[in-house]
Amino acid sequence: MSKQFYSNDEQILRLWDKENIRDLMARHSYYMANNWRRRELNELWVRRWDNQKTASLGNNNGYYVGMDEISNYYVVQNEEHLYQRLKPYEAVGVECSSLNLGLGQMAMYTTNTHLVEVADDGLTAQYCACNNGQITYGRPDGADAYYLGGMIFADLAKEDGEWKIWHLFIAHDHTVNAHVDPEKAKQAGGPGGPGGPGGPDA
């Protein structure tokens, strides 16, 4: 059970913790939008070996435990997808190289209505927020664009005085094809949704 009363100093520290957690999760959104996935894992995620062993990342497409599994899915497989999306550009003279990865892609992930709960000991915390955004994949003859709506949940751990992401789950509730009448758009999991035919990669 949580403490009912905190001293003034404790309240100030807990408010500071909450602001740092909001900043951490905002950085996650920016890093993911910029496709700085390796940097995100290195800078924003847990560094202690015991926490890395139990770290997890989940979404509509799967659930991964341990930093090795997370890195393979979040960084390595994502890079493979980027190369696949770059392939069609070779027909118009664009080299399929690391310098051109992400060509024609634009993403934005915004979070709002944040809820942060810090444990009494100040060493762990839980976070959830609404997670809305858009992602566009370019191609030589046009683009595929989607609006995303869902929730983001996280467990955070404080390591050496800094908050780090420990467990993260990103749930897409709705994915709307920007080229389709919203009344006819398919929801997540169906055609045009994450994991569905023609849907965006996670």
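To be clear, the structure that these remarks concern was listed above.
What you see is a predicted model; the values in this text were computed from it and never measured.

Engineer: Explanation requested: the packing of aromatic side chains in the structure shown.
Structural biologist: For any pair of aromatic rings, the description consists of the separation of the ring centres together with the inter-plane angle of the planes. If you walk through the whole model with that rule in mind, you get 2 aromatic pairs. Residues tyrosine 31 and tryptophan 36 carry aromatic rings whose centres are separated by 5.5 Å and whose planes lie at 70° to one another, so their mutual orientation is edge-to-face. Residue classification places tyrosine 31 among the buried residues on the basis of a relative accessible area of 5%. By relative accessible area, tryptophan 36 is classed as partly exposed at 38%. A cation over an aromatic ring shows up here: arginine 37 above the ring of tyrosine 74, its NZ or CZ 4.4 Å from the ring centre. Directly above the ring of tyrosine 137 sits arginine 85, whose terminal nitrogen or CZ lies 3.6 Å from the centroid.

Engineer: Could you clarify how one ought to interpret the layout of surface pockets in this entry?
Structural biologist: In this approach the atoms are scanned with a rolling probe the size of a water molecule, which exposes any empty space left behind. The volume enclosed by the largest pocket comes to roughly 190 Å³. Together, 13 residues line the largest pocket, and Asn20, Asp23, Leu24, Glu162 and Trp163 are the ones closest to its centre. Going through the elements one at a time, helix H1 (8–33) and strand S6 (162–177) are the ones with two or more residues in the lining of the largest pocket. Residue contributions to the lining of the largest pocket peak at 6 residues, all from H1. For the lining of the largest pocket, the class distribution of residues is 4 nonpolar, 2 polar and 7 charged.

Engineer: Whenever I open this one, the sheet that holds S6 confuses me. Can you help?
Structural biologist: By definition, the strands of a sheet pair up through backbone hydrogen bonds, in either a parallel or an antiparallel sense. Spatial ordering of the open sheet is given by S2-S1-S6-S5-S4-S3, a layout of 6 strands whose pairing is mixed. Edge positions in the open sheet fall to strand S2 (62–65) and strand S3 (106–118), since each of these has one partner strand only. Geometrically, the sheet is characterised by an average inter-axis angle of 15° between neighbouring strands, direction not taken into account.

Engineer: In this structure, what is going on with the pairing of S3? I would like to understand it.
Structural biologist: Looking along a regular strand, one sees the side chains alternate between the two faces of the sheet. Looking at chain direction, S3 and strand S4 (residues 124–139) are connected through 11 bridges and run antiparallel. Bridging from a neighbouring strand, tyrosine 109 pairs with glycine 133 of S4. Remark: 5 residues form the turn of the hairpin made by S3 and S4, two consecutive strands paired antiparallel; glycine 122 in that turn has positive phi of roughly 75°.

Engineer: Sorry if this is basic, but what is going on with H1 here?
Structural biologist: Within an α-helix, residues lying three or four positions from one another point in the same direction, as the helix has 3.6 residues per turn. Here H1 contains 26 residues, and its C-alpha end-to-end distance of 38 Å stays within 8% of the 38 Å for a straight helix at 1.5 Å per residue. Among the residues of H1, those classed as buried are Arg14, Asp17, Ile21, Leu24, Met25, His28, Ser29, Tyr31 and Met32. On its buried face, H1 is in contact with helix H2 (37–43), helix H4 (67–86), S3, S4, strand S5 (142–159) and S6.

Engineer: I tried to follow the pattern of salt bridges on my own but got confused; where do I start?
Structural biologist: In a structure, side chains of opposite charge can pair up when their charged atoms sit close to one another. All told, the structure shown has 9 salt bridges when counted by the stated rule. Arginine 27 serves as the salt-bridge partner of aspartate 23, at 2.9 Å between the closest nitrogen and oxygen. Taken together, the positions of aspartate 23 and arginine 27, both in helix H1 and 4 residues apart, correspond to about one turn of that helix. The class for aspartate 23 is partly exposed, based on a relative accessible area of 36%. On the basis of relative accessibility, which here comes to 39%, the residue arginine 27 falls in the partly exposed class.

Engineer: What's the story with the nonpolar core in this structure? I'm lost.
Structural biologist: Side chains that are nonpolar tend, in soluble globular proteins, to be buried together. Core analysis: the largest hydrophobic core is formed by 36 residues, its most contacted members being Ile21, Met25, Trp45, Ile70, Tyr127, Leu156 and Leu168. With 6 residues, S5 is the single largest residue contributor to this core. In this structure methionine 25 touches Tyr127, Ile152, Ala154, Leu156, Ile165 and Leu168, once residues within four positions along its chain are discounted.

About the criteria used
Residues numbered from 1 in each chain as written. Predicted model: local features only at pLDDT ≥ 70, side-chain atom pairs only at ≥ 80, totals over all residues. Heavy atoms only, no water. Phe/Tyr/Trp six-rings, centres within 6.5 Å; stacked < 30°, edge-to-face > 60°. Buried < 20%, exposed > 50% of the residue type's maximum accessible area, 1.4 Å probe, protein only. Lys NZ or Arg CZ within 6 Å of the ring centre and 35° of its normal. 1 Å grid on protein atoms, 1.4 Å probe; cavity = no way out; pocket = protein on both sides within 12 Å on 5 of 7 lines; lining within 4 Å. Points joined across faces, edges and corners; volume = space filled by probe spheres on them. Helix = DSSP H or I, 4+ residues; strand = E, 2+ residues; numbered from the N terminus. Nonpolar A, V, L, I, M, F, W, Y, C, P; charged D, E, K, R; others polar. Pairing = 2+ DSSP bridges. Axes fitted to C-alpha atoms, helices over the stretch in contact; angles between N-to-C directions. Expected span 1.5 Å × (residues − 1). Contact = heavy atoms within 4.5 Å. Salt bridge = Lys/Arg side-chain N within 4 Å of Asp/Glu carboxyl O. Core = buried A, V, L, I, M, F, W, Y, C linked by side-chain atoms within 4.5 Å.

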